[in-house]
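Here's the letter readout for the chains.
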Amino acid sequence: MCIRDSIRRSGFGTQVQWLATIGGQSYTLSQTWTGQSDSWRITNNITSYTLNLRIENEGFDWRLLDGDNKTVLSIYNEYTRDFRDWALEYDDEEIDLDWVLVSLFLVIRNIPVH
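Residues numbered from 1 in each chain as written. Predicted model: local features only at pLDDT ≥ 70, side-chain atom pairs only at ≥ 80, totals over all residues. Heavy atoms only, no water.

1. Section: the confidence of the model for the protein
Thinking step 1. Taken as a whole, the protein shows an average pLDDT of 88; of its residues, 93% reach a score of 70 or greater.
Thinking step 2. No element of the protein has a lower mean pLDDT than strand β1 (residues 6–9), at 85, and none a higher one than strand β4 (residues 39–43), at 97. (pLDDT = per-residue confidence, 0-100. Helix = DSSP H or I, 4+ residues; strand = E, 2+ residues; numbered from the N terminus.)

Below is the structure:
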């Protein structure tokens, strides 16, 4: 049995969109605002989350928020702005690993290195 998981780009121009398939489930990852990579809408057409970046003195703090603006996943630098070191905090009873994986993909893909 062969399981094929993938993430591929589907947006054109300044509208960036990714389509992910993990374990047979499809996810759409779209920029909240065209041309900005610090806020993303992630959906599987049943559940939707928003992934937002907050830049703080200590580093980068990405938060996956549910519809009530409750943080269900935190991805942040443990060392000040060290892009090689990320910490993830989430409750595996509250959110599936697939959501963590697509969120981590967006974080790594959108590291704001200048």
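2. Some words on the pattern of salt bridges
Thinking step 1. All chains considered together, the criterion is met by 4 salt bridges.
Thinking step 2. Among the ionic pairs, Asp-61 bridges to Arg-54, the shortest N-O distance being 2.9 Å.
Thinking step 3. Residue Asp-61 is classed as buried on the basis of its relative accessible area of 5%.
Thinking step 4. Judged by its relative accessible area of 41%, Arg-54 is partly exposed.
Thinking step 5. Here Asp-61 and Arg-63 are joined by a salt bridge, their closest N and O atoms 3.0 Å apart.
Thinking step 6. Each of Arg-54, Glu-56, Asp-61 and Arg-63 takes part in a single network of salt bridges with overlapping partners. (Salt bridge = Lys/Arg side-chain N within 4 Å of Asp/Glu carboxyl O. Buried < 20%, exposed > 50% of the residue type's maximum accessible area, 1.4 Å probe, protein only.)

3. Section: the packing of aromatic side chains
Thinking step 1. Throughout the structure, instances matching the rule amount to 3 aromatic pairs.
Thinking step 2. Judged by centre distance (5.0 Å) and plane angle (80°), the rings of Trp-18 and Phe-105 are edge-to-face. Here Trp-18 is found in strand β2 (residues 17–22), whereas its partner Phe-105 is found in helix α1 (residues 97–109), with 87 residues between them in sequence.
Thinking step 3. The exposure class of Trp-18 is buried, given its relative accessible area of 8%.
Thinking step 4. Summarising the aromatic geometry, the rings of Tyr-27 and Trp-99 are spaced 5.0 Å apart at their centres and angled 85° between planes, so their arrangement reads as edge-to-face. Here Trp-99 lies in helix α1 and Tyr-27 lies in strand β3 (residues 25–31), a separation of 72 residues in the sequence. Just as Tyr-27 is buried, Trp-99 falls in that class too.
Thinking step 5. Ring pairing ties together the aromatic residues Tyr-27, Tyr-49 and Trp-99, which thus form one cluster. (Phe/Tyr/Trp six-rings, centres within 6.5 Å; stacked < 30°, edge-to-face > 60°.)

4. Let's talk about the pairing of strand β7 (residues 71–77)
Thinking step 1. Most of β7 is tucked away: 5 of the 7 residues are buried.
Thinking step 2. As paired strands, strand β6 (residues 59–65) and β7 are joined by 5 bridges and run antiparallel to one another. Bridge assignment links Asp-61 to a residue of β7, and that residue is Tyr-76.
Thinking step 3. Between β6 and the antiparallel strand that follows it, β7, lie 5 residues; Asn-69 among them carries a positive phi value of about 65°.
Thinking step 4. The sheet contact formed by β7 and strand β8 (residues 86–90) spans 5 bridges and is antiparallel. (Pairing = 2+ DSSP bridges.)

5. Details of a nonpolar patch on the surface
Thinking step 1. Side chains of Leu-88, Tyr-90, Leu-97 and Leu-101 sit close together on the surface and give an oily, nonpolar patch of about 340 Å² of accessible area.
Thinking step 2. When contributions to the nonpolar patch are tallied by element, the ones reaching two or more residues are β8 and α1.
Thinking step 3. Residue position: Tyr-90 is located in strand β8. (Patch = residues over 30% accessible without salt bridge, like charges linked within 9 Å, V, L, I, M, F, W, Y side chains within 5 Å. Areas by Shrake-Rupley, 256 points an atom, 1.4 Å probe, with all protein chains shown as cover.)

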